[in-house]
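# Report on the structure
Read off the chains here:
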Amino acid sequence: MKIVFCAPAIDAQPWVARLAQAIPEAQVWPWSPAIASREADYALVWSPDDAFFAGQHRLRAVFNMGAGVDRLLGLPGLPHEVPLFRLDDAGKAQQMAEYVCHALIDHARHFDGFAAQQRAGLWRELAVEGRTAFPVGVMGLGSIGARVAQAVASFGYPVLGWSRSRKLIAGVESRAGPDEFDAFLHATRVLVCVLPLTAQTDGIVNAASLRKLKAGAYVINVGRSAHVVDADLLAQIEVGHVAGAALDVFDTEPLPGGHVFWRHPNIRVTPHIAANTGLDASIDQITAKIRAIERGEVPSGRVDFGRGY
Ligand code: OXD
């Protein structure tokens, strides 16, 4: 069995070593332009080089080393006849849940305000609204979104979820499809985006949807930057309908130095760290999927090219 690794932004060495250890019978190598025509049975990729797929003609499966496949689906030459798998969870859901709960509680309990007061040497209580004043709406209830919704619910916040099809998650009111989107927005104050980026979800957080949120809304985006129309978000903060946002993903990463988000008092910026791809969990998952394919089974996490995730 031959496995090639192509993720130019990631140090290949530990991944290749760990994969070779997990599947001892496999030859595993990091892709480079010099050996582009060396063909593999399986590929592990993350934002691979444009030329990558041109040299691969016998792939049995491609594994995306992340949850979102939007960049990969836009890559010229991606073979649609080869099954593509995304990581399902692999340690990301827990991290996402931590990020979202932190951003939510930081905002709702004014911890950001207390930090500012500390810098000013100010000892002063700030009035805090109860948790029921912050209904949280989670867009996207896949393995990651479901974990996020459950974690938020465990803190006692009212939680709604919105997804393509209705989901049964304890403590979460499920809304589904375009027909229930407005009702979902009207009932939400803290909007959390964990959606995959597709033609249907591109720009979904825009002036119209933001205006439908409860007054004093807050946006937490751990999906993709294209989900949020930045100018609309800024305009709604400006008019006071939206109180602020915690953003982990940006059109240009790293976020350029002069970008308005850096210094905006109501916007929290983090450098796309909401959930890192953990080496061990990912290799375990990919190894199990390769073994399943070798046995003739179809593992979970297969991307539907038509749906876009
Ligand atoms: C992912 C990411 O898609 O980290 O997994 O952006």
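Please read all numbers here as calculations on a predicted model, not as lab measurements. (Residues numbered from 1 in each chain as written. Predicted model: local features only at pLDDT ≥ 70, side-chain atom pairs only at ≥ 80, totals over all residues. Heavy atoms only, no water.)

## A word on the packing of aromatic side chains
As a reminder, the rule being used: Pairing of aromatic rings covers Phe, Tyr and the six-membered ring of Trp, with a centre-to-centre limit of 6.5 Å; geometry is then stacked below 30 degrees between planes, edge-to-face above 60, and tilted otherwise. Each helix is a run of DSSP H or I of at least 4 residues and each strand a run of E of at least 2, with the numbering of both proceeding from the N terminus. For every residue, the accessible area (1.4 Å probe, protein chains only) is compared with the maximum for its type, and the residue is labelled buried under 20%, exposed over 50%, or partly exposed between those bounds.
Applying the stated criterion to the full structure yields 10 aromatic pairs. Relative to phenylalanine 181, the ring of tryptophan 162 lies with its centre 4.4 Å away and its plane at 40°, an arrangement referred to as tilted. Note that tryptophan 162 is positioned in strand β7 (residues 159–163) and phenylalanine 181 in helix α6 (residues 181–186), a separation of 19 residues in sequence. For tryptophan 162, a relative accessible area of 10% gives the class buried.

## Examining the confidence of the model for the protein
Just so we agree on the cut-off: pLDDT is defined as a per-residue confidence score from the predictor, taking values between 0 and 100.
The pLDDT averaged across the protein works out to 97; a share of 100% of its residues lies at or above 70. The least confident element of the protein is helix α2 (residues 70–73), whose mean pLDDT is 94; the most confident is strand β9 (residues 190–193), at 99.

## Thoughts on helix α5 (residues 143–154)
Note: α-helices contain 3.6 residues per turn, so residues at a spacing of three or four share the same orientation. Counted only if it meets this: A helix is expected to span 1.5 Å for every residue after the first. We call two residues contacting when some pair of their heavy atoms lies within 4.5 Å.
Taking 1.5 Å as the rise per residue, α5 with 12 residues should run 16 Å; its terminal C-alpha atoms sit 17 Å apart, in good agreement. Every buried residue belonging to α5 is among Ile144, Gly145, Ala146, Val148, Ala149, Ala151 and Val152, and all of these are buried. In this structure, the buried side of α5 is in contact with α3 (92–108), β6 (136–139), β7, β8 (172–176) and β9. Of the residues flanking the end of α5, it is glycine 156, one or two places downstream, whose phi is positive at about 90°.

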